[in-house]
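Chain by chain, the residues run as shown.
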Amino acid sequence: MSTTQTGAGPVVVGFDGSAEARRAVRWARAEAKTRARGLVLAYCAHDRLPPPGADLVATPLAEAVPAAADEAAAVEPARRQLGSMAEALHRTDPDLDVRTVVRGGTPEAVLTSVADETDAAMIVLGESHTGVFTRAVLGSTEAEVTKTAGRPVIVVRGEESAPGGPVVLGTDGSEQSSAAVGFAFDFAARHGLAVHAVHVARIPVWGPTSEPLLGGSVLDPAPAAPQEITDELVDRQLKPLRERFPEVAVEVVHGIGPAGQALTGQSSDAALLVLGRSEHGPLRRLLLGSVCDDALHHARCPVAVVRA
């Protein structure tokens, strides 16, 4: 999907039994209750099961029979963990509609397909602990899900958020951040929180301007817009949201330094960090980095990524 949507369905949360996943479930449960939605716990079998839409009939019988036994053995512990988690949720919230799904495929494929099938309001997952080298070569589950999902993705990370902390919004007044702005204001209004709109002036980097293999220009030689112009763009972008959500207090913050560092620095006492994500080629992201990827692995609070 090329555009981000917030569906009318449940909150979908990835679950693998880890402490990080259990914390993500707690966050997702609270958000589902706030929105009066159901909750879907999705377990990814990491390609041990046929992916969504696979033709099982076309699988050679000689391969299918032993594979089926292996798959059943692998899936049964997952079903028990999901069942135990669902029972615990029912005990604390008997009115909460909780469903479970076990499916084969990559985490991004499974979570995205389940979210699309249920018209999910959002996807929630816990932070992973892959190293810098592994992320650079193979990527991370968090980053891959945010690149493929057509709806907001929340990665629950950092320490437990302090009650009443603001929603920190990364914005530059551009179209790429408009969906994130709407999500941030809506979330703040639902939870009675303020919005801190953080704008970091872009620092131009000189270099080649056109490289199709890298998904567009790699290095941007355009001069940074004057501060007063970017302030005007941000104010113009925030104005309709201020009018729609008059109860939400708004503070505009001018960040200093690289955008990723400035935003993660603001996340210490935040309830949520909200960022937009635009499309760039993988090599371009590797060379220049990504504000979203930086936040996903360094922010001190949950991070919501809303694709442009």
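Residues numbered from 1 in each chain as written. Predicted model: local features only at pLDDT ≥ 70, side-chain atom pairs only at ≥ 80, totals over all residues. Heavy atoms only, no water.

1. A word on the overall build of the protein chain
Each helix and strand counted, the protein chain has 10 helices and 10 strands in total. Long-range pairs, those at least 24 residues apart, make up 79% of the contacts in the protein chain between residues at least 6 apart in sequence. Counting only carbon and sulfur atoms, one obtains 56% of the accessible surface of the protein chain, whose full area is about 15,000 Å². (Helix = DSSP H or I, 4+ residues; strand = E, 2+ residues; numbered from the N terminus. Contact = heavy atoms within 4.5 Å. Areas by Shrake-Rupley, 256 points an atom, 1.4 Å probe, with all protein chains shown as cover.)

2. Regarding the nonpolar core
Core analysis: the biggest nonpolar cluster contains 47 residues, and Leu-41, Val-124, Ile-154, Leu-169, Phe-183 and Val-274 have the highest contact counts within it. The greatest single-element share of this core, amounting to seven residues, is contributed by helix α6 (residues 178–191). For Phe-183, the residues in contact, after removing those within four places along its chain, are Arg-35, Met-122, Pro-152, Ile-154, Leu-272, Val-274, Ala-304 and Val-306. Membership of the second largest hydrophobic core comes to 32 residues, among which are Ala-143, Val-200, Leu-275 and Cys-292. (Core = buried A, V, L, I, M, F, W, Y, C linked by side-chain atoms within 4.5 Å. Buried < 20%, exposed > 50% of the residue type's maximum accessible area, 1.4 Å probe, protein only.)

3. So, the pattern of salt bridges
A full pass over the atoms with the stated rule returns 12 salt bridges. Two residues, Arg-35 and Glu-31, come together in a salt bridge whose shortest N-O distance is 2.7 Å. Placement of the pair is Arg-35 and Glu-31 together in helix α1 (residues 19–35), with a separation of four residues, close to one helical turn. As far as the burial class goes, Arg-35 and Glu-31 line up, both buried. The closest approach of N and O atoms between Asp-116 and Arg-151, which form a salt bridge, is 2.9 Å. Pair noted here: Asp-116 is in helix α3 (residues 107–118) and Arg-151 is in the loop between α5 (141–148) and β5 (153–156), with a separation of 35 residues, a long-range link. Residue classification places Arg-151 among the buried residues on the basis of a relative accessible area of 2%. It is possible to trace a salt-bridge network through shared partners that takes in Glu-31, Arg-35, Asp-186 and Arg-190. (Salt bridge = Lys/Arg side-chain N within 4 Å of Asp/Glu carboxyl O.)

4. Let's talk about the sheet that holds strand β7 (residues 195–200)
Spatially, the 10 strands line up as an open sheet ordered β3-β2-β1-β4-β5-β10-β9-β6-β7-β8, and their pairing is mixed. Two strands bound the open sheet, and with one partner strand each, they are β3 (98–103) and β8 (250–255). For this sheet, the mean angle separating the axes of adjacent strands, direction not counted, is 25°. Across the face of the sheet, helix α10 (residues 291–298) comes into contact with β5, β9 (272–277) and β10 (303–307) while running at roughly 155° to β9. (Pairing = 2+ DSSP bridges. Axes fitted to C-alpha atoms, helices over the stretch in contact; angles between N-to-C directions.)

5. Describing unusual backbone geometry
Not every positive phi belongs to a glycine, and Ala-36 is a case in point at roughly 55°. By secondary structure assignment, the location of Ala-36 is in the loop between α1 and β2 (39–44). Residue Asp-119 is not a glycine yet carries a positive backbone phi of 55°. Within the element layout of this structure, Asp-119 appears in the loop between α3 and β4 (122–126).

6. A word on the packing of α3 against α5
Contact pair α3 / α5: the axes reach a minimum separation of 9 Å and the direction vectors enclose 45°. Between α3 and α5, the angle is such that the two are oblique. As α3 runs across α5, the sense of the crossing is right-handed. Residue-level inspection shows Pro-107, Glu-108, Leu-111 and Thr-112 of α3 in contact with α5, the latter providing Thr-141, Glu-144, Val-145 and Thr-148. By residue class, the composition of the contact of α3 with α5 is three nonpolar, three polar and two charged. (Parallel < 35°, antiparallel > 145°, perpendicular 65-115°, else oblique. Left-handed = near helix turned anticlockwise from the far one by under 90°. Nonpolar A, V, L, I, M, F, W, Y, C, P; charged D, E, K, R; others polar.)

7. Let's talk about the side chain of Ser-267
Turning to its location among the elements, Ser-267 is positioned in the loop between α8 (259–265) and β9. Ser-267 sits in the buried class, given a relative accessible area of 0%. A polar side-chain atom of Ser-267 sits 3.0 Å from the main-chain amide nitrogen of Arg-300. Here Ser-267 is in contact with Ala-299, Arg-300 and Cys-301, once residues within four sequence places are set aside. (Polar contact = N/O pair within 3.5 Å; in protein donor to acceptor, adjacent residues only side chain to side chain.)

8. Structural notes on the side chain of Arg-103
Looking at where Arg-103 falls in the secondary structure, it is placed in strand β3. Among the polar contacts made by the side chain of Arg-103, one reaches the side chain of Ser-113 at a distance of 3.2 Å. A distance of 3.0 Å separates a polar atom in the side chain of Arg-103 from a polar atom in the side chain of Glu-117.

9. Quick word on the environment of Phe-245
Along the polypeptide, Phe-245 turns up in the loop between α7 (227–244) and β8. Counting along the chain gives 56 residues from Phe-245 to Ala-189, while the straight-line C-alpha distance between them is 6.8 Å. Beyond its immediate sequence surroundings of up to four residues, Phe-245 is in contact with Phe-185, Asp-186 and Ala-189.

All quantities given are derived from atomic positions and should not be read as evidence of function.
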